[in-house]
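# Chain and residue survey
Chain by chain, the residues run as shown.
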Amino acid sequence: MKLKALLLGAALFTALAANSGFAAAGDDVTTLQALQHEWAKANYGLKDDEREAALKALVPKAEAAVSQFPQSAPLLAWRGIILSTYAGAKGGLGALDLAKAALKSLEAARKIDEKALGGGIDTSIGALYYRVPGWPLGFGDDDKAADYLAKGVALNPSGIDENYFYGDFLAEQGEKDKAKTYLEKALAAAPRPGREDADAGRRADINEVLKKLAD
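Residues numbered from 1 in each chain as written. Predicted model: local features only at pLDDT ≥ 70, side-chain atom pairs only at ≥ 80, totals over all residues. Heavy atoms only, no water.

## A few points about the nonpolar core
The following threshold applies: Put simply, a nonpolar core is a bunch of buried Ala, Val, Leu, Ile, Met, Phe, Trp, Tyr and Cys residues held in one set by side-chain atoms that sit within 4.5 Å of each other. Only protein chains enter the accessibility calculation, which uses a 1.4 Å probe; a residue is then buried when its area is under 20% of its type maximum, exposed when over 50%, and partly exposed in between. In what follows, a contact means two residues having at least one pair of non-hydrogen atoms within 4.5 Å.
In this structure, Trp39, Ile82, Leu128 and Phe139 are the most contacted members of the largest nonpolar core, which totals 60 residues. Those residues in contact with Ile82 that sit more than four places away from it in its chain are Leu35, Trp39, Leu55, Leu58, Val59 and Ala62.

Structural data, given as structure tokens:
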């Protein structure tokens, strides 16, 4: 079994610097920013085996950050992001276990503060539900995906990632016109200071889906 590419990390790059829920008490912002940039470098800057190895090496760093700040919703969410992206790079049955661990970490973050990263947590949970295979192979569920993705957009209507993932999901569901609306909103999203690497990678993702819809 090969999981779909779980490019979830950027989904939690939702206006981090400006988000009022970002700097919760006890967060090590420097550690979080380092994880973000290492993720972007691995996910968008590397390919194939090198990408997988870099993402695997990032997992223990995320675990260490959560161990240090166990009540940090942003760090718990980021552990989920890194695990899910590594799952996509790894593939196979082992990837499903990683995806399950990612979902657990994201849900733990949501319990602490569902608005910690704008709509990013709901969006990332929704993306897992539509990109992981359904029963009997996995826990994928399109109904749950639609619910979480809609919640993400509601929390951050102009977010690049919230609109991208909802648009991508709609494209997979065959709702082309509606998908284009959200994808174009994602493409028009304002740049995020300090997140240039993530923005560039995400815009490439958006354009790829739009190109497929145009074919």
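Structure shown, so let's carry the discussion forward.
## Some words on the packing of aromatic side chains
We count it as follows: In this scheme Phe, Tyr and Trp rings, the latter by its six-membered ring, pair at centre separations within 6.5 Å, and the angle between planes marks the pair as stacked below 30 degrees, edge-to-face above 60, and tilted otherwise. Numbering of helices and strands runs from the N terminus, with a helix taken as a DSSP run of H or I at least four residues long and a strand as a DSSP run of E at least two residues long. Charge over a ring is defined by NZ of Lys or CZ of Arg lying within 6 Å of the ring centre and within 35 degrees of the ring normal.
Scanning all chains against the criterion turns up seven aromatic pairs. Measuring from centroid to centroid gives 5.6 Å for Trp39 and Tyr44, while their planes differ by 90 degrees, and the two rings are edge-to-face. Classification of Tyr44 as partly exposed rests on a relative accessible area of 26%. Where Trp39 meets Trp78, the ring centres are 6.1 Å apart and the plane angle is 75 degrees; that geometry is what we call edge-to-face. Of this pair, Trp39 sits in helix α1 (residues 29-45) while Trp78 sits in helix α3 (residues 73-90); the two residues are 39 residues apart in sequence, bridging distant segments of the chain. The exposure class assigned to Trp78 is buried, which follows from its relative accessible area of 0%. An aromatic cluster is defined as three or more aromatic residues linked by ring pairs; in this entry it consists of Trp39, Tyr44 and Trp78. Stacked on the ring of Tyr148, the Lys or Arg Lys151 has its end atom at 5.2 Å from the ring centre.

## Regarding the environment of Leu32
In this fold, Leu32 is placed in helix α1. Leu32 sits in the buried class, given a relative accessible area of 2%.

## Digging into the packing of helix α2 (residues 48-68) against α3
To be explicit about the condition: All axes are obtained by fitting lines to C-alpha atoms, using only the stretch in contact for helices, and the reported angles, taken between N-to-C directions, cover 0 to 180 degrees. Roughly parallel covers angles under 35 degrees, roughly antiparallel covers those over 145, roughly perpendicular covers 65 to 115, and oblique covers all other angles. Crossing handedness follows the turn of the near helix against the far one: under a right angle anticlockwise gives a left-handed crossing, and clockwise gives a right-handed one.
Where α2 meets α3, the axes come as close as 9 Å, and the angle between the chain directions of the two elements is 160 degrees. Taken together, the axes of α2 and α3 lie roughly antiparallel to each other. Here α2 and α3 pass one another in a crossing that is left-handed. Across the interface between the two elements, Arg51, Glu52, Leu55, Lys56, Leu58, Val59, Ala62, Glu63, Ala65 and Val66 of α2 pack against Leu75, Leu76, Arg79, Ile82, Leu83, Thr85, Tyr86, Ala89 and Lys90 of α3.

## A short note on the packing of helix α7 (residues 160-172) against helix α9 (residues 196-214)
For the pair α7 and α9, the least separation of the axes is 11 Å and the interaxial angle reads 25 degrees. Viewed along their axes, α7 and α9 adopt a mutual orientation that is roughly parallel. The two elements α7 and α9 meet at a crossing, and its hand is left-handed. Contact residues: Ile160, Asp161, Tyr164, Phe165, Asp168 and Ala171 in α7; Asp199, Arg202, Arg203, Asp205, Ile206, Val209 and Leu213 in α9.

## Observations regarding the pattern of salt bridges
Cut-off, in case you're wondering: The term salt bridge refers to a side-chain nitrogen of Lys or Arg lying within 4 Å of a carboxyl oxygen of Asp or Glu.
Scanning all chains against the criterion turns up eleven salt bridges. Between Glu63 and Arg79 there is a salt bridge; the shortest N-O distance is 3.1 Å. Placement of the pair is Glu63 in helix α2 and Arg79 in helix α3, with a sequence separation of 16 residues. With its nearest N and O atoms 2.7 Å apart, the salt bridge here joins Arg202 to Asp161. With Arg202 in helix α9 and Asp161 in helix α7, this pair connects stretches of sequence that are 41 residues apart. For the residue pair Arg202 and Asp161, the accessibility class agrees, reading buried in each case. Overlapping salt bridges bring together Asp161, Arg192, Asp199, Arg202 and Asp205 as one network.

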